[in-house]
Amino acid sequence: MWAGGCAPFVPPQTAALLATQPPRLPRRAELRDVPFHPQTPYHCGPAALASALEYAGFAADANTLADAVFLPAREGTLQVEMLGGARRQGALPVRLPGTLEALCAEIDDGNPAVVLLNLGLSFAPLWHYAVLVGYDLDEREAILRSGTTQRDAMVLRTFEHTWARSGHWAFVAMRPGRLPRSATEIDAQQAALGFERTAPPMAAAQVWQSVVDRWPEGLLSLMGLGNARMAAGDAAAAASAFERAAQRHDSAAAWNNLAQARRRLGDAAGARAAAERAVERAQAAEPRWLEAAKATLAEIK
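Here we summarise the structure given alongside this text. As the structure is a prediction and not an experimental result, all values here were calculated from the model.

Some words on the overall build of the chain
Assigned secondary structure in the chain consists of 13 helices and seven strands. With respect to the three principal axes, the spread of C-alpha positions in the chain is 85 × 45 × 35 Å. Counting across all 301 residues of the chain, residues that qualify as buried make up 50%. Here the analysis covers contacts within the chain between residues at least 6 apart in sequence; of these, 60% occur between residues at least 24 apart. Total accessible area on the chain stands at roughly 14400 Å², and carbon and sulfur atoms take up 52% of it. In the chain, which carries 30 positive and 31 negative side-chain charges, the distance between the mean positions of the two groups comes to 3 Å.

Focus on the pattern of salt bridges
Counting across every chain of the model gives 15 salt bridges. For E299, the salt bridge is made with R263, and the minimal N-O distance between the two is 3.2 Å. Of the two residues, E299 sits in helix α13 (residues 290-300) while R263 sits in helix α11 (residues 252-264), which places them 36 residues apart along the sequence. For R263, a relative accessible area of 45% gives the class partly exposed. In the salt-bridge network here, residues are joined through shared partners; they are D250, R277, E280, R281 and E286.

Some words on the side chain of R262
Tracing the backbone shows R262 in helix α11. Residues in contact with R262, not counting those within four places in the same chain, are E243, D267, G270, A271 and A274.

Section: unusual backbone geometry
Positive phi outside glycine occurs at R140, with the angle close to 60°. If you trace the backbone, R140 turns up in the loop between β4 (127-136) and β5 (141-146). Judged by relative accessible area, which is 46%, R140 ranks as partly exposed. Not every positive phi belongs to a glycine, and H168 is a case in point at roughly 55°.

Observations concerning the packing of α11 against α13
Taken N-terminus to C-terminus, the directions of α11 and α13 make an angle of 20°; their axes are 10 Å apart at the nearest point. Classified by the angle their axes make, α11 and α13 are roughly parallel. α11 and α13 meet at a crossing whose hand is left-handed. Contacts between α11 and α13 involve N256, A259, Q260 and R263 on the former and, on the latter, A292, A293, T296, E299 and I300. Considered class by class, the residues forming the contact of α11 with α13 number four nonpolar, three polar and two charged.

Things to note about the nonpolar core
By size, the foremost hydrophobic cluster in this structure holds 94 residues, and its most contacted members are L53, L103, V115 and F159. Apart from the residues lying within four places of it in its own chain, the contact partners of L53 are F58, A60, L65, A86, Q89, A91 and A173.

Describing the pairing of strand β7 (residues 170-174)
Of all the five residues making up β7, five are buried; the element is thus mostly covered by neighbouring parts of the structure. Side chains A170, V172 and M174 of β7 all project onto a buried face; the interleaved residues F171 and A173 project onto the opposite face, where all are buried too. Judged from the four bridges that link them, strand β2 (residues 92-95) and β7 form a sheet pairing that is antiparallel. Residue pairing for β7: L92 is matched across the bridge by M174. Here two bridges tie strand β3 (residues 113-118) to β7, and the two strands are oriented antiparallel to one another. Within the sheet, the bridge partner assigned to V114 lies in β7 and is F171.

Notes on the packing of helix α9 (residues 219-231) against α11
Look at α9 against α11: their axes get within 11 Å of each other, and the N-to-C directions meet at 25°. On the basis of their axis angle, the class for α9 and α11 is roughly parallel. Seen from above, α9 lies across α11 with left-handed handedness. Across the interface between the two elements, M223, N227 and M230 of α9 pack against A253, A254, N257, Q260, A261 and R264 of α11. Looking at the contact of α9 with α11 residue by residue, the class counts come to five nonpolar, three polar and one charged.

Concerning the environment of E101
Position of E101 relative to the elements: it lies in helix α5 (residues 100-108). Apart from residues lying up to four places away in sequence, E101 is in contact with L17 and P22.

Criteria and cut-off values
Residues numbered from 1 in each chain as written. Predicted model: local features only at pLDDT ≥ 70, side-chain atom pairs only at ≥ 80, totals over all residues. Heavy atoms only, no water. Helix = DSSP H or I, 4+ residues; strand = E, 2+ residues; numbered from the N terminus. Buried < 20%, exposed > 50% of the residue type's maximum accessible area, 1.4 Å probe, protein only. Contact = heavy atoms within 4.5 Å. Areas by Shrake-Rupley, 256 points an atom, 1.4 Å probe, with all protein chains shown as cover. Lys, Arg positive; Asp, Glu negative; His and termini not counted. Charge placed at Lys NZ, Arg CZ, Asp CG, Glu CD. Salt bridge = Lys/Arg side-chain N within 4 Å of Asp/Glu carboxyl O. Axes fitted to C-alpha atoms, helices over the stretch in contact; angles between N-to-C directions. Parallel < 35°, antiparallel > 145°, perpendicular 65-115°, else oblique. Left-handed = near helix turned anticlockwise from the far one by under 90°. Nonpolar A, V, L, I, M, F, W, Y, C, P; charged D, E, K, R; others polar. Core = buried A, V, L, I, M, F, W, Y, C linked by side-chain atoms within 4.5 Å. Pairing = 2+ DSSP bridges.

Okay, structure coming up:
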């Protein structure tokens with residue numbers, strides 16, 4: 001005999017979050033002051049982006065953002081345009097790990113998350129951007145600024161299903177110098193690399209410094225910090241970052257850049273020593289840097 005009904009399937013992340021609440025994560029949190037920009041047709045991306053940017057303290061107008069990020073041919077906005085639109089307003093967009101725990105942690109820290117949902121099916125997608133502004137584990141709800149609904153309380157398992165169909169894509173818009181709690185080192189580095197392409201050198205250096213402060217050993221981060229400091233005209237700070245990278249990683253690129261920074265500072269002997277080590281390291285293990293290292297050494301000599 002068949003049962004008259006069955007319990008709804010609860011997806012794994014929702015089940016885990018409800019069963020074992022992570023430490024430091026309250027049962028509920030909501031950012032009630034996140035602005036609401038009602039979505040016009042096909043403009044859920046600009047509307048969501050405007051809400052997140054305005055809450056983070058950046059000037060944001062949904063109509064202006066729509067002109068910058070909306071792609072008429074696609075009747076929507078690609079993820080890369082969302083990130084680029086945030087950068088053009090001076091914000092640092094950082095991708096988040098694809099977990100409900102990470103989203104909830106950011107809400108608890110005061111960072112609304114822009115999320116991409118597929119409200120259709122995998123074979124017939126209906127893409128939609130929304131802003132996660134809260135959650136309630138007791139009520140099993142995710143709270144969104146979505147479409148034309150200022151406070152959309154979506155069933156948490158439904159949220160996970162629709163979010164999973166987008167590959168768990170989400171980001172937060174931060175002020176330069178701040179990083180989200182849940183960011184990984186790789187996501188933070190990728191955010192800094194994207195940011196520095198359009199940002200003034202001092203702002204880029206501020207972002208790289210925040211990455212180095214959290215993960216002090218990263219070669220890419222130390223090199224990024226040194227390059228940004230050099231571009232900002234602070235050769236002494238650049239030399240400090242390059243020296244840390246060179247000493248910790250014995251990197252030909254780091255030695256080469258250290259030589260150039262020391263040369264800028266008038267330290268001829270130190271510059272030559274660093275350039276010679278760059279050539280030695282490149283010859284031994286990093287041939288792609290050999291030509292640049294030899295050129296630097298020739299200039300110093």
